[in-house]
Amino acid sequence: MLFEKKMEPQCAYCARCTPLDEEQVVCLKKGVVPAGGSCRAFRYDPLKRVPPRPNAPDFSHLKNEDFTL
């Protein structure tokens, strides 16, 4: 799996599924299933997964003195 070692399988980013809407996907093996579900036929497709956005850095604790040489 790409980027994360312990990622739980979800039908939303399985190579055998096609999105139907935000909550359901069409699986070649099981038919219409919830996007959060999974089965033994899971095949990871990294192009279907949208990684979470990184947190914005918090600079509020810094002062102007920290940026002078």
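Residues numbered from 1 in each chain as written. Predicted model: local features only at pLDDT ≥ 70, side-chain atom pairs only at ≥ 80, totals over all residues. Heavy atoms only, no water.

S.K.: For this particular structure, what's the right way to read the nonpolar core?
M.R.: Across soluble globular proteins, nonpolar side chains show a tendency to be buried alongside one another. One finds M7, C11, Y13, C14, C17, V25, C27, V33, A35, F42 and Y44 forming the largest nonpolar core, which totals 11 residues. With near-sequence residues (within four places) excluded, V25 lies in contact with C11, A12, C17, T18, P19, L20, G31, V32, V33, P34 and A35. (Core = buried A, V, L, I, M, F, W, Y, C linked by side-chain atoms within 4.5 Å. Buried < 20%, exposed > 50% of the residue type's maximum accessible area, 1.4 Å probe, protein only. Contact = heavy atoms within 4.5 Å.)

S.K.: So what exactly am I meant to see when it comes to the sheet that holds strand β2 (residues 24-27) here?
M.R.: The pairing of strands in a sheet happens through backbone hydrogen bonds and is either parallel or antiparallel. Sheet architecture is open: three strands sit in the order β1-β2-β3, paired in antiparallel fashion. With one partner strand each, in any of the chains shown, β1 (17-19) and β3 (31-34) form the two edges of the open sheet. Here the strands of the sheet are splayed against their neighbours by 35 degrees on average, with no regard to which way each runs. Here β1 pairs with β2 via three bridges, running antiparallel. If you follow C17 over to β2, its bridge partner there is C27. (Pairing = 2+ DSSP bridges. Helix = DSSP H or I, 4+ residues; strand = E, 2+ residues; numbered from the N terminus. Axes fitted to C-alpha atoms, helices over the stretch in contact; angles between N-to-C directions.)

S.K.: In this structure, what is going on with the packing of aromatic side chains? I would like to understand it.
M.R.: How two aromatic rings sit relative to each other is set out by the distance from centre to centre and by the angle between their planes. For the structure on display, the rule yields two aromatic pairs. A centroid spacing of 6.2 Å and a plane angle of 75 degrees characterise the contact between Y13 and F42, whose relative ring orientation is edge-to-face. Separated by 29 residues along the polypeptide, Y13 in the segment before β1 and F42 in the segment after β3 bring together distant segments of the chain. As far as burial versus exposure is concerned, Y13 and F42 are alike and both buried. Between Y13 and Y44, the ring centres sit 5.9 Å apart and the planes meet at 85 degrees, which makes this aromatic pair edge-to-face. Of this pair, Y13 sits in the segment before β1 while Y44 sits in the segment after β3, and the two are 31 residues apart along the sequence. Taken as a pair, Y13 and Y44 share a single burial class, namely buried. Taken together, the ring pairs in this structure connect Y13, F42 and Y44 into an aromatic cluster. (Phe/Tyr/Trp six-rings, centres within 6.5 Å; stacked < 30°, edge-to-face > 60°.)

Function cannot be read off these values alone, since they describe shape.
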